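# Survey of secondary and tertiary structure
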Amino acid sequence: IPVTPGRTYRLSGSVWRVSANDRVYLDFSDGQGQGGSFPDAEAYATGTNVWERVAAEATVGAGITAINVRCVRDGANEGNAYCDGITLQRID
């Protein structure tokens, strides 16, 4: 996703997880961008069997022109997980 170098972005979306032993979250792909890296931020589901709106913010580095975002499920792999309505918005 193209970004403006040095700016702050909010990643948000709705997440659902079945098992408390699984982690479901949105992140900035471990802070790896086109042109360098930056401090990653994550937005985790805290409940189970309910849609939750989550958000995280990160500032991309001065040389970064594009980033990836992702929805991650890891942990015990005991149940389904879903992500929907994911948005990326520049906030500064």
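Keep in mind that what you see is a predicted model, and the values were worked out from it rather than measured.

With that settled, the discussion passes to the overall build of the chain. Per the secondary structure count, the chain includes zero helices and nine strands. In summary, the chain has a C-alpha radius of gyration of 14 Å against a globular reference of 12 Å for 92 residues, a match within 12%. Each principal axis of the C-alpha distribution contributes one length, and for the chain these read about 40 × 20 × 15 Å. For the chain, the proportion of contacts with a sequence separation of at least 24, taken over those separated by at least 6, is 74%. Accessible area of the chain: about 4,900 Å², with a carbon and sulfur share of 44%. Here the chain carries 8 positive and 11 negative side-chain charges, and the mean point of each set is 5 Å from the other.

As enumerated under the stated definition, the model contains three aromatic pairs in all. Considering the side-chain rings of Tyr25 and Tyr44, the 4.6 Å spacing of their centres and the 40° angle between planes classify their relative orientation as tilted. Separated by 19 residues along the polypeptide, Tyr25 in strand E2 (residues 22-27) and Tyr44 in strand E5 (residues 42-44) bring together distant segments of the chain. Its relative accessible area of 7% is what places Tyr25 among the buried residues. Ring centres of Phe28 and Phe38 lie 6.2 Å apart, and the angle between their planes is 80°; on these two criteria the pair is classed as edge-to-face. Taken together, the residues span a long stretch of sequence, with Phe28 in the loop between E2 and strand E3 (32-34) and Phe38 in the loop between strand E4 (36-37) and E5 at a distance of ten residues.

Turning to the pattern of salt bridges, a few remarks are in order. Per the counting criterion, the structure on display carries six salt bridges. Notably, a salt bridge pairs Asp92 with Arg90, separated by 3.8 Å at the nearest N-O pair. One continuous salt-bridge network, built from bridges that share partners, spans Asp27, Asp30 and Arg70.

Turning next to the environment of Pro39. The topology assignment puts Pro39 in the loop between E4 and E5. Distance in space between the C-alpha atoms of Pro39 and Ile67 is 12 Å, their sequence separation being 28 residues. Once residues within four sequence positions are removed from consideration, Pro39 is found in contact with Ala58 and Thr59.

All right, on to unusual backbone geometry then. Most peptide bonds take the trans form, and the phi angle of most residues other than glycine is negative. For Ser29, which is not glycine, the phi torsion reads 50° and is therefore positive. Following the sequence through the fold, Ser29 ends up in the loop between E2 and E3. By relative accessible area, Ser29 is classed as buried at 19%. For Asn77, which is not glycine, the phi torsion reads 55° and is therefore positive. Among the secondary structure elements, Asn77 is positioned in the loop between strand E8 (70-75) and strand E9 (81-90).

Conventions adopted
- Residues numbered from 1 in each chain as written.
- Predicted model: local features only at pLDDT ≥ 70, side-chain atom pairs only at ≥ 80, totals over all residues.
- Heavy atoms only, no water.
- Helix = DSSP H or I, 4+ residues; strand = E, 2+ residues; numbered from the N terminus.
- Rg over C-alpha atoms; globule rule 2.2 N^0.38 Å.
- Contact = heavy atoms within 4.5 Å.
- Areas by Shrake-Rupley, 256 points an atom, 1.4 Å probe, with all protein chains shown as cover.
- Lys, Arg positive; Asp, Glu negative; His and termini not counted.
- Charge placed at Lys NZ, Arg CZ, Asp CG, Glu CD.
- Phe/Tyr/Trp six-rings, centres within 6.5 Å; stacked < 30°, edge-to-face > 60°.
- Buried < 20%, exposed > 50% of the residue type's maximum accessible area, 1.4 Å probe, protein only.
- Salt bridge = Lys/Arg side-chain N within 4 Å of Asp/Glu carboxyl O.

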